[in-house]
Amino acid sequence: MHWFVNNVGLMLLALLFAFATWLLSTLQDDPIVEQTVPARVNLIGLDQLGDRVLLNPLPQLVTATLRGPQKAFQALRPGDLTVNVDINGLDVGAHVITLTPSLSRSPLRIESWSPITTILLIDRLVRTQMPVRVSVVGSPALGFRASTPAVFPQQVVVTASQQIITRVAGVNVTVSVDGARSSVQQDARVYARTLEGDLVAGVTIAPDVVTVRIPMEQLSNYRDLPVVVKWRGQPAEGYAVTDISVDPPIVTVFGPVDAVQATRGYIETMSVSLANARSDIDEAVGLNVPSGVSLVTEAQTVRVRIRIQPLLGSRTVTRKPKVEGLGDGLNSDISPDSVDIVLNGPLPRLNDLTEDDVRVIVDVAGLTEGIHQMTPRVVTPEGITAQSVLPATVQIEISPQKRTP
């Protein structure tokens, strides 16, 4: 016992030295460090706002400085450090919110964070019905005027905070009638605007698209007349008119009301000659304007395009097959010695075909002595096709040439 009392100081000193040695070794292996870590801000109670609305968003992240062993940072997960903000019970107005992070990973601890607080603005949510106004832009075609627009539905529901809704003077859509000759109907998006006509952000409109119809009325001293092409003569034999177009297809006349209303329901062009035409016609043609009225445009002509194409038909010709590729020292005998070919194409081309334009070839290259059934190949000019060959195959007998003694 006497020895223990005399040596207790040395024993405590040894223990203290051992602890210090262990602590130094531990710190060297896993040192204490500080790191900056982002913490996500979670908003609680957003679904309980009811008729209230947040005017400004909270920060998404808070930056926290953590202190602890280096190995503990390696085990840190995103959900270990969070900032929960509960807005349940907050009324309309401005609120100072403390952004306090919480840490569920020991032995790490929070040293500091930023930002510490934020301002949260809450306002009353307002819903109101507003009539849709139509802004008509552009000018209709000459001789027409736009009537009163119709909107379906006529009213929409506008939802916004009390602060924003006071800036909304009305809602409107914009529809263009530029160049219109008949009623304009289209779906248009609805926008909320201030009294000065500026767009208001932060507003929800339902429905946000409406249908607008704007009737067009033609003035009594104007009249639209479709253009009718007047032509004379016939295309060349074997050709036909396949299409007639005019640009513009409708012209507008004006004048005294009686004269305008007395016009026929169309206006004719001057006569266009088709006599012996073999190709398309494209030319400016004058109009036969009724007396007492005038055209509203300076141009007194229209562009007339008449498409003229050859008539399609068929023709049957007979040709003798020609053998190609016959080997040296061989003779050939074809049966039958002629075939009938049904040709399709433009009639003028079919009628002008010569003997050399259509040929029938039997290629016997590589064939040896004997009797063979072959399919002849028909060669035709461009634009002419062989519809069928009768018979479809021919018999060819290949034999050696007779030697003369």
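Our subject is the structure listed above.
This is a predicted model, so every value here is computed, not measured.

A.B. asks: It is not clear to me how the overall build of the protein should be interpreted in this structure. Could you clarify?
C.D. replies: Summing up its helical and strand segments, the protein has five helices and 35 strands in all. For the protein, the C-alpha radius of gyration of 48 Å lies well beyond 22 Å, the compact-globule estimate for 405 residues. Counting only C-alpha atoms, the protein reaches 150 × 100 × 30 Å along its principal axes. Of all 405 residues assigned to the protein, the portion counted as buried reaches 32%. Within the protein, residue pairs in contact and separated by at least 24 positions form 73% of the contacts whose partners lie at least 6 positions apart. Accessible area of the protein: about 24700 Å², with a carbon and sulfur share of 51%. Here the protein contributes 33 positively and 39 negatively charged side chains, and the mean placements of these two sets differ by 3 Å.

A.B. asks: Quick question: what am I supposed to make of the sheet that holds strand E31 (residues 359–363) here?
C.D. replies: Consider a sheet: its strands pair through backbone hydrogen bonds, and that pairing is either parallel or antiparallel. Strand order in this open sheet of three strands is E28-E31-E33, and the pairing throughout is mixed. Every other strand in the sheet has two partners, leaving strand E28 (322–324) and strand E33 (377–379) as the edge strands with one partner each. With strand direction ignored, the average angle separating the axes of adjacent strands in the sheet is 35 degrees. Where E31 meets E33, three bridges bridge the pair, whose relative direction is antiparallel. Paired with valine 360 across the strands is valine 378, a residue of E33.

A.B. asks: Would you mind showing me how to read the sheet that holds strand E6 (residues 101–103) here?
C.D. replies: Strand order in this open sheet of five strands is E6-E4-E1-E3-E7, and the pairing throughout is mixed. Of all the strands in the sheet, the pair left with one neighbour each is E6 and strand E7 (109–114). Here the strands of the sheet are splayed against their neighbours by 35 degrees on average, with no regard to which way each runs. Alignment of strand E1 (residues 32–44) against strand E3 (residues 61–69), held across nine bridges, turns out to be antiparallel. Looking at E3, one finds that proline 38 is bridged to threonine 63.

Parameters at a glance
- Residues numbered from 1 in each chain as written.
- Predicted model: local features only at pLDDT ≥ 70, side-chain atom pairs only at ≥ 80, totals over all residues.
- Heavy atoms only, no water.
- Helix = DSSP H or I, 4+ residues; strand = E, 2+ residues; numbered from the N terminus.
- Rg over C-alpha atoms; globule rule 2.2 N^0.38 Å.
- Buried < 20%, exposed > 50% of the residue type's maximum accessible area, 1.4 Å probe, protein only.
- Contact = heavy atoms within 4.5 Å.
- Areas by Shrake-Rupley, 256 points an atom, 1.4 Å probe, with all protein chains shown as cover.
- Lys, Arg positive; Asp, Glu negative; His and termini not counted.
- Charge placed at Lys NZ, Arg CZ, Asp CG, Glu CD.
- Pairing = 2+ DSSP bridges.
- Axes fitted to C-alpha atoms, helices over the stretch in contact; angles between N-to-C directions.

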